[in-house]
Amino acid sequence: MLNRATPLFASANTSAIVTAAVVGAAAVLASAPVRAQGVPMPQVAAKSWMLYDVTSGQALASQNADARIEPASLTKLMTAYLAFAAIKEKRLTIDQTVVPTTLVLKVKSDESRMFLEPNKPVSVRDLLLGLIVQSGNDAALALAEAVGGSEEGFVAMMNREAQQLGMKNTHFTNTDGIPDPNHYTTAMDLATLTTRIIKDFPEYYSMYSQKEFTYNKIRQPNRNRLLYIDPTVDGVKTGHTKSAGYCLISSAKRPLANVPNGSRRLVSIVIGTTTEAVRTQESLKILNYGFQFFDTLRLYDRGQVLATPEIYKGKESTVKIGVKDETYITVPKGTGGRIKPVLERQELLLAPIAAGQQVGTVKLMDGATKVAEFPVVALEDVPEAGFFGRLWDTIRLWFKRK
């Protein structure tokens, strides 16, 4: 049972409230992308595209975002994700040396490669840079063997991880993006994967901003031209095959208004343009559209208390409830003042309650319309009281219900 809706008010620096949520944290997204009022979506010369706010976890604009597409070398995002995970789980180390097998000879001369040689030792760090900066298909194969034991075993890991990440419209058949009818994804799924790389492995994400890498005395530049054009862009990955067209996932981080030392990150996914220049131009267009016509503000701080309701049968008589993580919201510029947060919580709270246990919801309302919502949790443990404490509260509740 929920009690009456209780209006909540943010701190002064978030008086212009905006909408959305935090991926993997507190909030729940609205069901559809937010639209910038009075400003049409950009016309983008691509088969599929999407603009995603990583900070708030919200899709801001898209076209054909759920359409099945060929990922080409964007596949290597998953290859890198699994390699980062192996390092984090101590199944590999970044400075560990591995020995590529003759599998790397599978890479043809017209494919992207870092020029690995069979049986010549190479560090995991160099393999990752060869994969990310040089987009080396041979690097992908060597990492697959190092992490998964074989290319086939690694591909199975890729598909399992895709499902665990919620990439419901993705299937891999290889590690490097070579065209195959059963090798596909969507712009939406790629936004999910990119966001997880940024959030789960911040210590390695900086590799995506590196502009060049030299291996085997061969220097190769990063093909993401936005790294050279816009200093706020720090990633992410290019892709190209004849059938896929020119693809680019780019990410930019710029200052967040009214939040000291705060920043806001957007991701653009562009699939299937006609030239390298067009994918660069269209990606920058999408990023600038997002920063110009939308605001992302911090609604609540990590662990912020929203209420201290009464609790029964516990060692304490009240419990602090609020948000577990920093909560951000994003709306079109000029519309935030209409949106108000409202707390709905369980009317009767009984101990024991564990920290992190959901006890309610904050709904973001635009008049009578719910824009988005996110969970409210207990911020502390409240153990069960002793026998006489529980008995006394049982009597109190009996009279309360009369």
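Shown above is the structure to which this text applies.
Residues numbered from 1 in each chain as written. Predicted model: local features only at pLDDT ≥ 70, side-chain atom pairs only at ≥ 80, totals over all residues. Heavy atoms only, no water.

**Looking at the overall build of the chain**
- Tallying secondary structure elements over the chain gives nine helices and 17 strands in all.
- Summarising its shape, the C-alpha atoms of the chain cover approximately 80 × 50 × 40 Å along the three principal directions.
- Summarising the internal contacts of the chain: among those between residues at least 6 apart in sequence, 67% fall at separations of at least 24.
- Here the chain displays about 18,000 Å² of accessible surface, and carbon together with sulfur accounts for 52% of that area.
- Across the chain, 47 positive and 38 negative side-chain charges occur, with their mean positions spaced 4 Å apart. (Helix = DSSP H or I, 4+ residues; strand = E, 2+ residues; numbered from the N terminus. Contact = heavy atoms within 4.5 Å. Areas by Shrake-Rupley, 256 points an atom, 1.4 Å probe, with all protein chains shown as cover. Lys, Arg positive; Asp, Glu negative; His and termini not counted. Charge placed at Lys NZ, Arg CZ, Asp CG, Glu CD.)

**Quick word on helix H1 (residues 76-88)**
- For H1, spanning 13 residues, the distance from its first C-alpha to its last is 18 Å, which sits close to the expected 18 Å at 1.5 Å a residue.
- Within H1, 12 of the 13 residues are buried, which leaves it mostly tucked inside the rest of the structure.
- Buried residues of H1: Lys-76, Leu-77, Met-78, Thr-79, Ala-80, Tyr-81, Leu-82, Ala-83, Phe-84, Ala-85, Ala-86 and Ile-87, and no others.
- Just past H1, the residue Lys-90 takes up positive phi, approximately 65 degrees. (Expected span 1.5 Å × (residues − 1). Buried < 20%, exposed > 50% of the residue type's maximum accessible area, 1.4 Å probe, protein only.)

**Re a nonpolar patch on the surface**
- Among the surface-exposed residues, Phe-387, Phe-388, Leu-391, Trp-392, Ile-395, Trp-398 and Phe-399 lie close enough to one another that they form a single nonpolar patch of about 860 Å² accessible area.
- Counting through the fold element by element, Phe-388 comes out in helix H9 (residues 387-401).
- You can call Phe-388 exposed: its relative accessible area is 66%. (Patch = residues over 30% accessible without salt bridge, like charges linked within 9 Å, V, L, I, M, F, W, Y side chains within 5 Å. Salt bridge = Lys/Arg side-chain N within 4 Å of Asp/Glu carboxyl O.)

**Some remarks on the packing of H1 against helix H2 (residues 124-132)**
- Between H1 and H2, the least distance of the axes is 10 Å, while the angle of their chain directions is 160 degrees. Our classification of the angle between H1 and H2 gives roughly antiparallel. Along this stretch, H1 crosses H2, giving a crossing that reads as left-handed. Taking contact as the criterion, the partners of Lys-76, Thr-79, Ala-80, Ala-83, Phe-84 and Ile-87 in H1 are, on H2, Val-124, Leu-128, Leu-131 and Ile-132. (Axes fitted to C-alpha atoms, helices over the stretch in contact; angles between N-to-C directions. Parallel < 35°, antiparallel > 145°, perpendicular 65-115°, else oblique. Left-handed = near helix turned anticlockwise from the far one by under 90°.)

**Overview of the pairing of strand E17 (residues 369-378)**
- As judged from the two bridges shared by strand E13 (residues 321-322) and E17, these two strands associate in the antiparallel manner. Along E17, the bridge assignment pairs Gly-322 with Val-377.
- Here strand E16 (residues 358-366) pairs with E17 via eight bridges, running antiparallel. Directly across from Thr-361, in E17, lies its bridge partner Pro-375.
- Connecting the antiparallel pair E16 and E17 is a turn made up of two residues, with Gly-367 showing a positive phi of about 70 degrees. (Pairing = 2+ DSSP bridges.)

**Side note on the side chain of Lys-237**
- Structurally, the position occupied by Lys-237 is in strand E8 (residues 233-241).
- Despite being buried, Lys-237 has no salt bridge partner; Glu-276 is the closest side chain of opposite charge, sitting 11 Å away.
- A polar contact of 2.7 Å, which involves the side chain of Lys-237, links it to the side chain of Ser-135.
- Excluding its chain neighbours within four sequence positions, the residues that come into contact with Lys-237 are Ser-73, Leu-74, Lys-76, Leu-77, Leu-131, Ile-132, Ser-135, Cys-247, Leu-248 and Ile-249. (Polar contact = N/O pair within 3.5 Å; in protein donor to acceptor, adjacent residues only side chain to side chain.)

**Observations regarding empty space enclosed by the protein**
- Considering all chains together, one arrives at one cavity of 30 Å³ or more under this definition.
- Along the walls of the largest cavity sit Ile-132, Val-133, Ser-135, Asn-222, Arg-223, Val-236, Lys-237 and Thr-238, which together make up its complete lining.
- Top contributing element to the lining of the largest cavity by residue count: E8, with three residues. (1 Å grid on protein atoms, 1.4 Å probe; cavity = no way out; pocket = protein on both sides within 12 Å on 5 of 7 lines; lining within 4 Å. Points joined across faces, edges and corners; volume = space filled by probe spheres on them.)

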